[in-house]
Amino acid sequence: MHLKNHKGLILLLFLLVIPLKIDSNYLYSTLVVIAIYSIVVQGLGILMGYAGQVSFGHAAFFGLGGYTAAILTTRFNWPTLIALLAAAILPGILAAIIGRQTLKLRELYLALATLGFGILVHIIFNEGGELTGGPSGMSGIPNLTIGTISFDNDQKFYLLVWFMLLLILIGIYNLVHSRTGRALCSIRESEYAAENAGVDCARLKLQAFTFSALLAGLAGGLYAFYVSFISPSPFSFHTSVQFVLMVVIGGLGTFWGPLLGAVVVVSLNELLREIVPLLIPGAGGEYQIIIYGIILVGLMIFQPKGLSSIGRYFRLPLKKELKPEG
Amino acid sequence: MLLELSGISKHFGGIVAVKDIGFGVKEGSILALIGPNGAGKTTLFNIITGALPPEAGSVTINGREIVGLKPFEIASAGITRTFQNLQLFGSMTVLENVMAGAYLRSKKGFVRSFLSFPGTCREEKKIREESLILLEEIGLAETAGLPATQLPFGKQRLLEIARALASKPALVLLDEPAAGLNPSETEALTDYLKKLKTKGTAMILIEHDMQTVMEAADRIVVLNFGQMIAEGTPAEIQAHPEVIKAYLGEDEKIA
Ligand SMILES: Nc1ncnc2c1ncn2[C@@H]1O[C@H](COP(=O)(O)OP(=O)(O)OP(=O)(O)O)[C@@H](O)[C@H]1O
Ligand SMILES: [Mg+2]
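Residues numbered from 1 in each chain as written. Chains lettered and ligands numbered in written order. Predicted model: local features only at pLDDT ≥ 70, side-chain atom pairs only at ≥ 80, totals over all residues. Heavy atoms only, no water.

A. Up close: the packing of aromatic side chains. Counted according to the given criterion, the structure contains 17 aromatic pairs over all chains. A centroid spacing of 5.7 Å and a plane angle of 55 degrees characterise the contact between Phe-62 of chain A and Tyr-223 of chain A, whose relative ring orientation is tilted. Note that Phe-62 of chain A is positioned in helix H4 (residues 58-74) and Tyr-223 of chain A in helix H10 (residues 201-227), a separation of 161 residues in sequence. Just as Phe-62 of chain A is buried, Tyr-223 of chain A falls in that class too. Both rings, one in Tyr-223 of chain A and one in Phe-235 of chain A, keep their centres 5.8 Å apart while their planes meet at 80 degrees; by these two values the pair is edge-to-face. A residue pair is termed long-range when its members are at least 10 positions apart, and Tyr-223 of chain A in helix H10 and Phe-235 of chain A in the loop between strand S4 (229-230) and helix H11 (237-250) qualify at 12 residues. Across the pair, exposure class does not vary: Tyr-223 of chain A and Phe-235 of chain A are buried alike. The side chain of Arg-179 of chain A reaches across the aromatic face of Tyr-103 of chain B, ending 3.8 Å from its centre. When the ring centre of Phe-89 of chain B is taken as origin, the NZ or CZ atom of Arg-163 of chain B, which lies over that ring, is 4.4 Å away. (Phe/Tyr/Trp six-rings, centres within 6.5 Å; stacked < 30°, edge-to-face > 60°. Helix = DSSP H or I, 4+ residues; strand = E, 2+ residues; numbered from the N terminus. Buried < 20%, exposed > 50% of the residue type's maximum accessible area, 1.4 Å probe, protein only. Lys NZ or Arg CZ within 6 Å of the ring centre and 35° of its normal.)

B. Quick look at the pattern of salt bridges. Residues and elements named next belong to chain A. According to the stated counting rule, one finds 12 salt bridges over all chains in the structure shown. The residue Lys-156 makes a salt bridge to Asp-152 at a minimum N-O spacing of 3.1 Å. The partly exposed category is assigned to Lys-156, whose relative accessible area is 30%. Via salt bridges that share partners, Arg-106, Glu-191 and Lys-205 belong to a single interconnected network. (Salt bridge = Lys/Arg side-chain N within 4 Å of Asp/Glu carboxyl O.)

C. Up close: the site of ligand 1. Residues and elements named next belong to chain B. Looking at ligand 1, there are 13 residues lining it, with Gly-38, Lys-41, Thr-42, Thr-43 and Gln-84 nearest. With respect to ligand 1, the side chain of Gln-84 contributes an N or O atom lying 2.7 Å from an oxygen atom. With respect to ligand 1, the side chain of His-208 contributes an N or O atom lying 3.3 Å from an oxygen atom. Starting from 640 Å² of accessible surface for ligand 1 in isolation, the protein chains cover 64%. Counting residues per element, the ones that place at least two in the shell around ligand 1 are strand S2 (15-25) and helix H1 (41-48). (Near = heavy atom within 4 Å. Polar contact = N/O pair within 3.5 Å; in protein donor to acceptor, adjacent residues only side chain to side chain. Areas by Shrake-Rupley, 256 points an atom, 1.4 Å probe, with all protein chains shown as cover.)

D. Structural context of the domain arrangement of chain B. All names here are of chain B. According to the domain assignment, chain B consists of domain 1 (1-78 + 169-255) and domain 2 (93-167). Taking only C-alpha atoms into account, the centre of domain 1 sits 26 Å from that of domain 2. Taken together, the contact between domain 1 and domain 2 spans 16 residues of the former and 12 residues of the latter. The junction of domain 1 with domain 2 conceals about 1100 Å² of combined surface from both sides, 71% of it contributed by carbon and sulfur atoms. The largest per-residue losses of area from domain 1 upon contact with domain 2 belong to Pro-169, Leu-181 and Tyr-192, which jointly make up 39% of the total buried on that side. Across the contact surface, domain 1 and domain 2 share one salt bridge. With a shortest N-O distance of 3.6 Å, Glu-137 and Lys-199 are connected by a salt bridge. In this structure, the connection of domain 1 to domain 2 is made through two residue pairs in polar contact (both at pLDDT 80 or more). Elements that contribute at least two residues to the side of domain 1 that touches domain 2 include exactly helix H2 (71-76), strand S7 (171-175) and helix H7 (183-198). Here the side of domain 1 that touches domain 2 is built from residues that sort into 10 nonpolar, three polar and three charged. (Domains from an automatic or database assignment. Contact = heavy atoms within 4.5 Å. Buried area = accessible area lost by both parts, 1.4 Å probe. Nonpolar A, V, L, I, M, F, W, Y, C, P; charged D, E, K, R; others polar.)

What follows is the structure, encoded as structure tokens:
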């Protein structure tokens, strides 16, 4: 498994060169969106797939990151890189505060609590008056500048976000193969037994929640700098559901699942938007949603463990994995 | 004494689960906890490991009070357990189960785990090797790469024991470890527990199979309806009139 993931990361690195050859702005912008969502879903994947705690409120952390970056740069003239850091840290701190109580809840109750939080934050974006710009949002967010490089076109931004995603993937790879990764899994499987092995479940769950909020915030900040305009609508409950879908479709508790899920869900959205009007002339958005729903139900019926389990059909079981390494 | 209980009481609604229980476990010894169904044996394990708060009484390990500590703190004080109704990490492999049990043997936290490569980690290698040795000893080495749920029931019990031992605890609480094992497996387990004892691990053993109990235990505590009705060596317990009375009418035979 270790080897396979290294290979996968190297393959990914090669794949990322292809768009540079094609050099299409549409492709870049789709890939930027995929990377930004992937960053959110990497953290959510740790929370849901490993620690086993569901959240229907991650669009809120994503949005808080976006608004933090937007407000700090346009209202307070902070340097963009510092604002990006703040965009990650602020949602992280908030998660650490609310998680302490929220994570005591289980399953459906946790889902409801995070959902409520998401809705509340969305209302605040809408009703924030001067600070958030209300329903029409705020524009004029400057380009992200790191050192002397200004990320002012799609290609540069594409390279930036995928580089960041790659670093995050490496970190996630380390995490899930570590003692901490095993402890997270053990919480998901049996909290009793995990505690009995010495795992401070409450603390570790809180760390996973905070980590996921941090990544969602970072992604939100990147999003704000990329589109240079921000409004409440991309951070609604609907987006939270999309994030959860990406994790589940990709495969809970798998390394490649979140990335795969983000690629599939975003591509599917794009594809349906293009194709449905061709097939059914005059079709409204509801047709897209219906077909989208049918595909998702189909996926869940035929690949209940998520798309990343498809790989099993192409791979022989590796007996070698059992032996100690080195 | 390694572990000392005194005056432990707990009831559920109208049921007295355990009442005024007190006994001690010496370092590197096996104490068997026996009694009919519903006698309060598992409840006592839940209290010792911090899963249930007692209404009265104290539990000390090496003289340190542990009532009120959280389960994970009690684990790091050196007490682990197995569960009567198995609590394996089902979708993880056999080896991962044991490695997860060794959580306390290494230190790396969330942030450091994120930042450092697992291949370069000496701690990780050590835990992997130790876990494989443990599996070898308990006879699960060939199944190391299987998901835990794919093991037959008897082997799942053994895996629970291996996982409980992985952190090298001073005291292990075994809740009916031989339930579901066939006679030869039971015998192998008994031998293993005795070997473990000579290496210095103390155990409390809940077990219905009297042959195992009489063979493995240094001391025996008998519970009935939450009360401690006898304590002593296997020979003393076999001759104890109250014990014989409590077990009459049940199919249990005292060897
Ligand atoms: N969480 C609980 N809530 C309510 N009643 C409980 C609880 N746990 C145990 N009891 C009751 O307390 C009594 C003692 O139960 P316990 O599980 O400790 O018995 P035991 O000696 O382990 O029995 P067995 O040999 O069947 O495992 C029983 O009457 C049981 O129904
Ligand atoms: Mg019991």
